[in-house]
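Chains, contacts and geometry: an overview
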Amino acid sequence: MGSETHKPNLNSPLLIQTREENNEEKKQKGGSIIITKEEESSEKIVGEVKKQLWLAGPLVFVNVLQFSLQLVSVMFVGHLGQLSLASASIATSFASVSGFSFLMGMGGALDTLCGQSYGAKQYRMLGIHMQRAMFVLLLVSVPLAFIWANTGRILIAVGQDQEISIEAGVYARYLIPSIFAYGLLQCQVRFLQAQSIVFPMMITSAITALLHILVCWVLVFKTGLGSRGAAVANAISYWINTLLLALYIKLSASCKRTWTGFSTEGFQDVSNFVRLAIPSAIMTCLEIWSFEMMVLLSGLLPNPKLETSVLSISLNTSSVVFMISSGVGATISTRVSNELGASNPQAARLAVKVVLCIIITQGILIGSIMILIRNLWGYAYSSDEEVVSYVAVMLPINAVSSLLEAIQCVLSGTIRGCGRQIVGAFINLGAYYLVGIPSAIVFAFVLHVGGKGLWLGIMCALAVQVVSLLIFTLRTDWEQEAKQAADRVYDAEIPVNVVLCH
């Protein structure tokens, strides 16, 4: 065996380097350097676990901190009175359904495009893909801003309380500047995530979250803006986070190869991004909208105040757990897209196997904790014994659904890594709107199971979603996915053009 080093490809096995001491020992004995399949497999698995944990930890932290911005704003508004709290809560929910979720979903196209380009070492294309995404998401934000400007009228039209609707409309109008920052932020996060640059995002998110508390306090209590101040604080914080990441991308040596400045190429072949962005947005929105629909349906149950309160607590609890699972989902999306872009289909398949083990362990652990604290958790939200008792009944159901949600997060991440968002969109449509919501209505209103029935309907949807995604993943031809990734990467490649600004 010569000293020349061969690059691994699809037709030749990877050359495994053994530990230096083993090499020396075997050379001294005059034997060849041999590694068993078990040792090779073990090293690959351990290496993959380390890569995923290194990515997942900071990404979970980023998700939780970004999620906390709107939560902190509503908490500050809660001190202004019931009307302010109710209007801010419904405006935040409306903004999430009609704007934030759509932009987050469209940004998911970059999981595929940037991730596979980085794996294929087409570094310059990451910046081009991000520019296209920024352009499209800013355009999409304009009609969404008009929808937010008419939030009050829309809420009144669908039968919401007039006084709350008017106040919610005011809150939503002051939120409008945040939607443009949020779209840009989604592009930056996906751009950095594809390169496994996660710690700077964690630092900027932490700085933003700390500043948000101060800005929110000043604008809500010291300027006379009241609840409007919380909405303005949201916008300021999103723009702070966006500008901090922009500075990092511009100045950091880590992004030198992937960000070469704004170029006219960012406006070319926009359809390449849109083809993935639309199904990605549908995939995300269909799931989020179904959960919000459960809250609306709970208001039609007997004793709606109790049912709505408990279901809101359940959704809030699930949202916190979801932040952890979605961080792991983003991790596997990055790993799969990187390996497929690098034409390493077996490494992509190994990454999926490893992440499933990680997420199932996490789901069982968190579910067990939820069951253990079921009799105490309600007190964190209410001192009403009826609410506390109902939460104790709901939490075991919540624990099972959180496990299913965690599994679907990583399987959906795999779908995004492969660029098969259209498959995820159809699966989510069938799972939530052909199975989940009809099941919830039957359980809650026909069988009279109440709020538990609505959540059981969600569990049915999650079960169908997980099984469908799992079947698709098991039937995936990873060699073919690697070839399609190569086609996608090199079809998108553009010759170096004139850069307009650095």
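The model shown is predicted, which means the values in this text are computed figures rather than measured ones.

1. Observations concerning the overall build of the protein chain
Within the protein chain one finds 17 helices and 2 strands. Counting all 502 residues of the protein chain, 51% fall into the buried class. Within the protein chain, contacts between residues separated by at least 24 positions form 83% of all contacts whose residues are at least 6 apart in sequence. For the protein chain, the exposed area adds up to about 23000 Å²; of that, 66% sits on carbon and sulfur atoms.

2. Some words on the pattern of salt bridges
What the rule picks out here adds up to 6 salt bridges. When the shortest N-O distance is used, the salt bridge between arginine 190 and aspartate 111 registers 3.2 Å. Here the residue arginine 190 occupies a position in helix α7 (residues 162-193), and aspartate 111 occupies one in helix α4 (residues 109-119), the gap between them amounting to 79 residues. The exposure class of aspartate 111 is buried, given its relative accessible area of 4%. Two residues, glutamate 481 and arginine 420, come together in a salt bridge whose shortest N-O distance is 2.9 Å. Separated by 61 residues along the polypeptide, glutamate 481 in helix α17 (residues 478-492) and arginine 420 in the loop between α14 (385-418) and α15 (421-446) bring together distant segments of the chain. The class for arginine 420 is partly exposed, based on a relative accessible area of 23%.

3. Quick word on the packing of aromatic side chains
Scanning all chains against the criterion turns up 11 aromatic pairs. Here tryptophan 259 and phenylalanine 262 contribute two aromatic rings whose centre-to-centre distance is 5.0 Å and whose plane-to-plane angle is 85 degrees, an arrangement assigned as edge-to-face. The class for tryptophan 259 is buried, based on a relative accessible area of 13%. When its relative accessible area of 41% is taken as the criterion, phenylalanine 262 is described as partly exposed.

4. Focus: α7
Taking 1.5 Å of rise per residue, the 32 residues of α7 would be expected to cover 46 Å, and the 43 Å separating its terminal C-alpha atoms lies within 8% of that figure. Roughly 40 degrees is the biggest bend found in α7, and it falls at isoleucine 176, with proline proline 177 one to four residues downstream.

5. Let's talk about the environment of valine 449
Inspection of the secondary structure puts valine 449 in the loop between α15 and α16 (451-474). On the accessibility criterion, valine 449 (27% relative accessible area) is partly exposed. Sequence separation between valine 449 and leucine 301 is 148 residues, and the spatial gap between their C-alpha atoms is 10.0 Å.

6. Brief notes about the packing of helix α11 (residues 304-341) against α16
Where α11 meets α16, the closest approach of the two axes is 10 Å, and the angle between their N-to-C directions is 35 degrees. Contacts from Glu307, Leu311, Ser314, Leu315 and Ser318 in α11 reach Gly451, Leu454 and Trp455 in α16. Along the lines of polarity and charge, the residues of the contact of α11 with α16 split into 4 nonpolar, 3 polar and 1 charged.

7. Some details on the nonpolar core
Counting 65 residues, the largest nonpolar core has Trp148, Tyr171, Phe191, Leu192, Met201 and Phe273 as its most contacted members. Of all the elements, α7 adds the most residues to this core, at 13 residues. For methionine 201, the contacting residues outside a window of four places in its chain are Leu59, Val62, Val189, Leu192, Gln193 and Leu245. By size, the runner-up hydrophobic cluster in this structure holds 51 residues, among which are Leu315, Leu340, Trp455 and Leu469.

8. Quick look at the environment of serine 68
Within the secondary structure, serine 68 is located in helix α2 (residues 37-77). In sequence terms serine 68 and histidine 212 are 144 residues apart; their C-alpha atoms lie 9.5 Å from each other.

9. What to know about a nonpolar patch on the surface
On the surface, Leu80, Leu214, Trp217 and Phe221 cluster together into a nonpolar patch covering about 360 Å² of accessible area. Along the polypeptide, leucine 214 turns up in helix α8 (residues 199-222).

10. Re α14
An ideal rise of 1.5 Å per residue puts 50 Å on 34 residues; α14 measures up with 48 Å between its terminal C-alpha atoms. Of all bends in α14, the biggest is about 30 degrees, found at methionine 394, and the proline proline 396 comes one to four residues later. Among the residues of α14, the N-terminal cap falls to aspartate 384, whose side-chain oxygen and the backbone nitrogen of glutamate 386 are separated by 2.8 Å.

11. A closer look at the environment of serine 141
The residue serine 141 is located in helix α5 (residues 123-149) in this model. Considering only alpha carbons, one finds serine 141 and leucine 103, 38 residues apart in sequence, at a separation of 8.0 Å. Setting aside its immediate chain neighbours within four residues, serine 141 contacts Leu103, Ile179 and Phe180. Among the polar contacts made by the side chain of serine 141, one reaches the main-chain carbonyl oxygen of leucine 137 at a distance of 2.7 Å.

12. Side note on unusual backbone geometry
You will see that serine 343, though not glycine, has its phi angle at about 60 degrees, which is positive. Take serine 343: it is sitting in the loop between α11 and α12 (345-372). A positive phi angle is found at histidine 448, which is not glycine, with a value near 55 degrees. In this structure, histidine 448 sits in the loop between α15 and α16. Judged by its relative accessible area of 65%, histidine 448 falls in the exposed class.

13. Remarks on the side chain of serine 84
Note on placement: serine 84 falls in helix α3 (residues 82-107). Discounting residues that sit within four places of it in the chain, serine 84 has contacts with Val77 and Ser227.

14. A closer look at the side chain of serine 227
Mapped onto the fold, serine 227 is located in helix α9 (residues 227-251). Given the relative accessible area of 10%, serine 227 is considered buried. Every residue in contact with serine 227, bar those within four places of it in the chain, is listed here: Val77, Leu80, Ser84, Glu167 and Tyr171.

15. Observations concerning the confidence of the model for the protein chain
Looking at the protein chain as a whole, the pLDDT averages 86, with 90% of positions reaching at least 70. In this model, residues 1-33 is a region of pLDDT below 50 whose contacts with residues beyond four sequence positions or in other chains number 22 contacts.

16. Describing the packing of α4 against α14
Close contact between α4 and α14 brings their axes to 7 Å; oriented N to C, the two are set at 60 degrees. It follows from the interaxial angle that α4 and α14 lie oblique. As for the relative orientation of α4 and α14, their crossing is right-handed in sense. Counting all contacts with α4, which are made through Asp111, Thr112 and Gln116, the residues of α14 involved are Arg416, Gly417 and Cys418. Of the residues in the contact of α4 with α14, the class split is 1 nonpolar, 3 polar and 2 charged.

Reading the values: the criteria
Residues numbered from 1 in each chain as written. Predicted model: local features only at pLDDT ≥ 70, side-chain atom pairs only at ≥ 80, totals over all residues. Heavy atoms only, no water. Helix = DSSP H or I, 4+ residues; strand = E, 2+ residues; numbered from the N terminus. Buried < 20%, exposed > 50% of the residue type's maximum accessible area, 1.4 Å probe, protein only. Contact = heavy atoms within 4.5 Å. Areas by Shrake-Rupley, 256 points an atom, 1.4 Å probe, with all protein chains shown as cover. Salt bridge = Lys/Arg side-chain N within 4 Å of Asp/Glu carboxyl O. Phe/Tyr/Trp six-rings, centres within 6.5 Å; stacked < 30°, edge-to-face > 60°. Expected span 1.5 Å × (residues − 1). Bend = angle between axes of the 7 residues up to and from the residue. Axes fitted to C-alpha atoms, helices over the stretch in contact; angles between N-to-C directions. Nonpolar A, V, L, I, M, F, W, Y, C, P; charged D, E, K, R; others polar. Core = buried A, V, L, I, M, F, W, Y, C linked by side-chain atoms within 4.5 Å. Patch = residues over 30% accessible without salt bridge, like charges linked within 9 Å, V, L, I, M, F, W, Y side chains within 5 Å. Polar contact = N/O pair within 3.5 Å; in protein donor to acceptor, adjacent residues only side chain to side chain. pLDDT = per-residue confidence, 0-100. Parallel < 35°, antiparallel > 145°, perpendicular 65-115°, else oblique. Left-handed = near helix turned anticlockwise from the far one by under 90°.

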